[in-house]
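Residue-level structure breakdown
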Amino acid sequence: MQVGDLVRLGTGGVCQFRVVEIEGTSARVVATVEAPGAYTFSMRLIDLTPWTE
């Protein structure tokens, strides 16, 4: 996983997020859809799945 990658949370996630920072075994992600109150948050790398269409 690299900064800029599109991901989903878990294998069944339906929302798309972008990796904005990686620190050790976690990544900060932000939703790709504009939404009021959207913010970056941290997730473990093992909980992220690459986004595939």
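Let us look at the structure shown here. Just so it is clear, the model here is predicted, and its values are computed rather than measured. (Residues numbered from 1 in each chain as written. Predicted model: local features only at pLDDT ≥ 70, side-chain atom pairs only at ≥ 80, totals over all residues. Heavy atoms only, no water.)

**A closer look at the pattern of salt bridges**
Using the criterion set out here, one finds one salt bridge in the structure. Salt-bridge contacts for Asp-47 lead to Arg-44; the nearest nitrogen and oxygen are separated by 2.9 Å. For Asp-47, a relative accessible area of 26% puts it in the partly exposed group. Of the residues examined, Arg-44 reaches a relative accessible area of 47% and is grouped as partly exposed. (Salt bridge = Lys/Arg side-chain N within 4 Å of Asp/Glu carboxyl O. Buried < 20%, exposed > 50% of the residue type's maximum accessible area, 1.4 Å probe, protein only.)

**Some points on the environment of Ser-42**
Of note, Ser-42 is situated in strand E4 (residues 41–44). Once the C-alpha coordinates of Ser-42 and Val-19 are considered, the two residues, 23 residues apart in sequence, prove to be 9.6 Å apart. Residues contacting Ser-42, with those up to four places away along its chain left out, are Ser-26, Ala-27 and Arg-28. (Helix = DSSP H or I, 4+ residues; strand = E, 2+ residues; numbered from the N terminus. Contact = heavy atoms within 4.5 Å.)

**Thoughts on the sheet that holds strand E3 (residues 26–31)**
A sheet is described by the order of its strands in space; here five strands give the open sequence E4-E3-E2-E1-E5, paired in antiparallel fashion. The sheet terminates laterally at E4 and strand E5 (48–50), the two strands that pair on one side only. Shown here is a sheet whose adjacent strand axes are inclined to one another by a mean of 50°, direction ignored. The sheet contact formed by E3 and E4 spans four bridges and is antiparallel. Bridged to Ala-27 within E4 is Met-43. (Pairing = 2+ DSSP bridges. Axes fitted to C-alpha atoms, helices over the stretch in contact; angles between N-to-C directions.)

**Observations regarding the packing of aromatic side chains**
The tally for this structure, following the rule as stated, stands at two aromatic pairs. Aromatic pair Phe-17 and Phe-41: ring centres 5.6 Å apart, planes at 85°, arrangement edge-to-face. Of the two residues, Phe-17 is situated in strand E2 (residues 17–23) and Phe-41 in strand E4; the sequence distance between them amounts to 24 residues. According to the relative accessible area criterion, Phe-41 is partly exposed, its value standing at 22%. Between Tyr-39 and Phe-41 the ring centres are 6.2 Å apart and the planes differ by 65°, which places this aromatic pair in the edge-to-face class. (Phe/Tyr/Trp six-rings, centres within 6.5 Å; stacked < 30°, edge-to-face > 60°.)

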